Amino acid sequence: MVRGEGISFRVGKQVLLRPTDVGFAKGKFHVIMGANGAGKSTLLKLLSGDQEPSAGNVFLAEKNLSSYSKTELAVKRAVLSQHYHLAFPITVNEVVLMGRYPFYGINPSANDIAICRKAMAMMEVEKFSERDYTTLSGGEAQKVQMSRVLSQIWNEEGSDNKLLFLDEPVSHLDVKYQYQLMRIAKAFCGQQTTVIAVLHDINLAIAFADRILFMKEGEIRHVLDDVALVTPAIIDEIFGVSSAIIHDERHARPIVVF
Amino acid sequence: MSIFQKIHYRTLYIVLGLVLLFCLLLSAGVGAVYLSFGEIVDFIRHKAGYDAAAVNPIHEGLFFQIRLPRTVLCVLVGAALSVSGAMMQSLFRNPIVEPGLIGTSAGSALGAALIIVLGKASLFDSISFLGDLLMPFCAFLGGLVATLLVYSFSASLNKVNISIMILAGIAVNAIANGATGFLAYMARDPQARSITFWNLGSLSGANWKIVLIVAVSTFTGLFLALRFAKPLNALQLGESEAGYLGVNTKRMKISVILVNTLLVSVATSMVGIIAFVGLIVPHFLRLMKGSDNRYLMIGSALLGAIVLIVADLVCRVIIAPAEMPIGIVTAFVGAPVFLWLLTRARRSASKGGFYG
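Quantities reported herein were computed from a predicted structural model and do not represent experimental measurements.

> Please clarify how the overall build of chain A should be interpreted in this entry.
On a plain count of helices and strands, chain A comes out with eight helices and 12 strands. Against the 2.2 N^0.38 benchmark of 18 Å for 258 residues, chain A shows a C-alpha radius of gyration of 19 Å, consistent with a compact globule. The C-alpha extent of chain A, read off along each of the three principal axes, is 55 × 45 × 35 Å. For chain A, the proportion of its 258 residues judged to be buried stands at 52%. Pairs at least 24 apart in sequence give 66% of the contacts found in chain A among residues at least 6 apart. Once the 28 positive and 29 negative side-chain charges of chain A are each reduced to a mean point, those two points are 2 Å apart.

This is how it looks when you write it as structure tokens:
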């Protein structure tokens, strides 16, 4: 679905991403992990088209990313960022409707509004649809943003393949909603949607990912196509902490304890 | 946000429209000579050729040649300044931005002052074919240069730095005001006086030609501003996020600054500097029903027109038969409102939002 060929990124003399070849298969849930400053967000920015790579090319559906217009991209891929700060009061409804901006001209269609409703119902935020976004708590705000992002890549009859980027999507959420958000992302993933997420919680990653990429010092060190193959050695190398891997019959996937 | 939240946008527009109509009639009637509502209706019927009821020809002339153009000019200038304020606040994502703060007004004033003083000098021979448009044109150039200067200083690394913006605004305003002051100093007396008077803003020079010029810039600007409402909304999420939603943020920023300069500079070149309208009008609208930019722009056009008509009315009656520059009134009313907003900001800062 999306592929980087020899992509690298530098700001001045500082290299944030070393030349990297990386591909992300369609319809899978890919998770990128790594310590702070490992280059995860940089890789995400290059793949999502927010930044141009200093060298190399990104291909989306076998077409160079730089040949897409902003609107062409906006109807194919959505990005959930870590932080949102809104300076002015605006209702939750209006924030979610922004997800449909790439799809309509002046007034939203009934379909656009229906999609926003469904996305909000899915994230359980309908009850504050009329509230001022700036008064929401961090977790509530994150769920509203997720609704917006989902409405942007909502699967409709005959629509194209979609791409969803999540940059630390659960950092403001409690455990219940962390799992809820991941389940919803996973459900989207099963259809025509590819998900690429940056996560910090290794167990959350193991529970949902089809594939984990471990980054360190601006490069991809390990790629696990079977997440059950994670080892204490990898975790030590990437995060610098010793750990044990527990295989428990109640869980299909292993659990990492530190 | 407030009780206004329950009111539909369209209802609010209609209410504002009716208030505006009332203010129009009031402004056209009140002054050194009082014209009743009935008289105004008669003038319009007479002009339209319906019936030749005994109208006072002097009063009719007063109405059509002085009162009406002045009132219409108030509507246009108030709308232009307020819509520009709303746009700039959204572009900078900051509630204290207005055309006066970011150099647009002072730059436009300098451009126009150049024409007042150097008017027929050879420097402008090459562009003198512009005729009546020469002054708005130079004001536009001056306003554009000043705004771009302030913006380029404050918006580095994808982020608007507000304290740098304010400081750059102060510096650019100082340069422009200094240059305008220099021109006033160099100028012969009548020109100098007109610069000083016009630095405080006045609508007393209104005539239909001016109305036409400002109408073209205001309607063009308002039409374009409405097209930017959606991308400006998206920009509230952040620059990268607006990009993810399909907005070409670089191009949009330049376009918004151009539209803003068009609105402010043409109005400024005709009526002088009128401060604070562009700041407080969008604020009140935000307090009423939030910050959807489409609502802000339509609402600013209506409420800005109302505010300026009332301010101009005050100027005309408060020391009648003399007249006060409108900039003094807007400053005396606008600045305290601004301070009140700042105390709100300070109080609600702990709660995380400017509007709390």
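> Explain the overall build of chain B to me, please; I cannot follow it from the model alone.
Counting secondary structure elements, chain B contains 14 helices and two strands. Counting only residues that meet the buried cut, chain B has 54% of its 356 residues in that class. Here chain B has roughly 15800 Å² of accessible surface; of this, 71% comes from carbon and sulfur atoms.

> Would you mind going over the side chain of Ser269 of chain B with me for this structure?
All names here are of chain B. Position of Ser269 relative to the elements: it lies in helix 11 (residues 249–271). A distance of 2.8 Å separates a polar atom in the side chain of Ser269 from the backbone oxygen of Val266. Beyond its immediate stretch of four places on either side in the chain, Ser269 contacts Ala112, Met135, Pro136, Ala139 and Trp198.

> Would you take a moment to explain the interface of chain A and chain B for this structure?
A common way to report how large an interface is uses the accessible area buried once the components associate. Listed as interface residues are 31 residues of chain A and, on the opposing side, 29 residues of chain B. Around 2600 Å² of area is buried between chain A and chain B when both sides are counted, 59% of it from carbon and sulfur atoms. The largest share of the area that chain A buries against chain B comes from Phe88, Pro89 and Tyr101 of chain A, three residues that together contribute 27% of it. Our count for the chain A to chain B interface comes out at zero salt bridges. At the boundary of chain A and chain B, one finds 11 residue pairs in polar contact (both at pLDDT 80 or more).

> How should I be thinking about the packing of helix 3 (residues 57–92) of chain B against helix 11 of chain B in this particular structure?
If you want to describe how two helices pack, look at the angle between their axes and the distance between the axes. All names here are of chain B. At a minimum axis distance of 9 Å, the contact between helix 3 and helix 11 shows a crossing angle of 150°. As judged from the angle between their axes, helix 3 and helix 11 are roughly antiparallel. Crossing hand, helix 3 versus helix 11: left-handed. Of the residues in helix 11, those touching helix 3 at Leu73, Val77, Ala80, Leu81, Val83, Ser84, Met87, Met88 and Leu91 are Met252, Lys253, Val256, Ile257, Val259, Asn260, Leu263, Val264, Ala267 and Val271. Residues that form the contact of helix 3 with helix 11 fall into these classes: 16 nonpolar, two polar and one charged.

> So what exactly am I meant to see when it comes to the sheet that holds strand 5 (residues 63–64) of chain A here?
Remark on secondary structure: sheet strands pair via backbone hydrogen bonds, oriented parallel or antiparallel. One open sheet accounts for four strands, arranged 2-1-4-5 (chain A); its pairing is antiparallel. Because the sheet does not close on itself, it has two edges, and the strands there are strand 2 (14–24) and strand 5 of chain A.

> How should I be thinking about the pattern of salt bridges in this particular structure?
Between side chains of opposite charge, pairing is possible as soon as their charged atoms come close. In this structure the tally under the stated criterion is 14 salt bridges over all chains. Close ionic contact of Lys253 of chain B with Glu239 of chain B constitutes a salt bridge, the shortest N to O distance being 3.0 Å. Here Lys253 of chain B, found in helix 11, pairs with Glu239 of chain B, found in helix 10 (residues 239–244); they are 14 residues apart in sequence, far enough to count as distant. A single burial state applies to Lys253 of chain B and to Glu239 of chain B, both of which are buried. Where Asp312 of chain B meets Arg316 of chain B, a salt bridge forms, and the shortest distance between an N and an O atom there is 3.4 Å. Remark: Arg316 of chain B and Asp312 of chain B occur in helix 13 (residues 293–318); sequence separation between them is four residues, near one turn of the helix. With a relative accessible area of 1%, Asp312 of chain B lands in the buried category. Because the salt bridges share partners, they merge into one network encompassing Glu217, Glu219, Arg221 and Glu237 of chain A.

> Honestly, the packing of aromatic side chains in this entry has me stumped. Any pointers?
The geometry of an aromatic ring pair is captured by the separation of the ring centres together with the interplanar angle, meaning the angle of the planes. Residue and element names in this part refer to chain B. In total, this model carries eight aromatic pairs over all chains according to the counting rule given. When the centroid spacing of 5.0 Å and the interplanar angle of 35° are considered together, the rings of Tyr9 and Tyr295 count as tilted. With a gap of 286 residues between them, Tyr9 in helix 1 (residues 9–29) and Tyr295 in helix 13 connect regions that are remote in the sequence. When its relative accessible area of 23% is taken as the criterion, Tyr9 is described as partly exposed. The class for Tyr295 is buried, based on a relative accessible area of 1%. On the numbers, 4.9 Å between centres and 75° between planes, the contact of Phe63 with Phe64 is edge-to-face. Assessed through its relative accessible area of 2%, Phe63 is described here as buried.

How each quantity is defined
- Residues numbered from 1 in each chain as written.
- Chains lettered and ligands numbered in written order.
- Predicted model: local features only at pLDDT ≥ 70, side-chain atom pairs only at ≥ 80, totals over all residues.
- Heavy atoms only, no water.
- Helix = DSSP H or I, 4+ residues; strand = E, 2+ residues; numbered from the N terminus.
- Rg over C-alpha atoms; globule rule 2.2 N^0.38 Å.
- Buried < 20%, exposed > 50% of the residue type's maximum accessible area, 1.4 Å probe, protein only.
- Contact = heavy atoms within 4.5 Å.
- Lys, Arg positive; Asp, Glu negative; His and termini not counted.
- Charge placed at Lys NZ, Arg CZ, Asp CG, Glu CD.
- Areas by Shrake-Rupley, 256 points an atom, 1.4 Å probe, with all protein chains shown as cover.
- Polar contact = N/O pair within 3.5 Å; in protein donor to acceptor, adjacent residues only side chain to side chain.
- Buried area = accessible area lost by both parts, 1.4 Å probe.
- Salt bridge = Lys/Arg side-chain N within 4 Å of Asp/Glu carboxyl O.
- Axes fitted to C-alpha atoms, helices over the stretch in contact; angles between N-to-C directions.
- Parallel < 35°, antiparallel > 145°, perpendicular 65-115°, else oblique.
- Left-handed = near helix turned anticlockwise from the far one by under 90°.
- Nonpolar A, V, L, I, M, F, W, Y, C, P; charged D, E, K, R; others polar.
- Pairing = 2+ DSSP bridges.
- Phe/Tyr/Trp six-rings, centres within 6.5 Å; stacked < 30°, edge-to-face > 60°.

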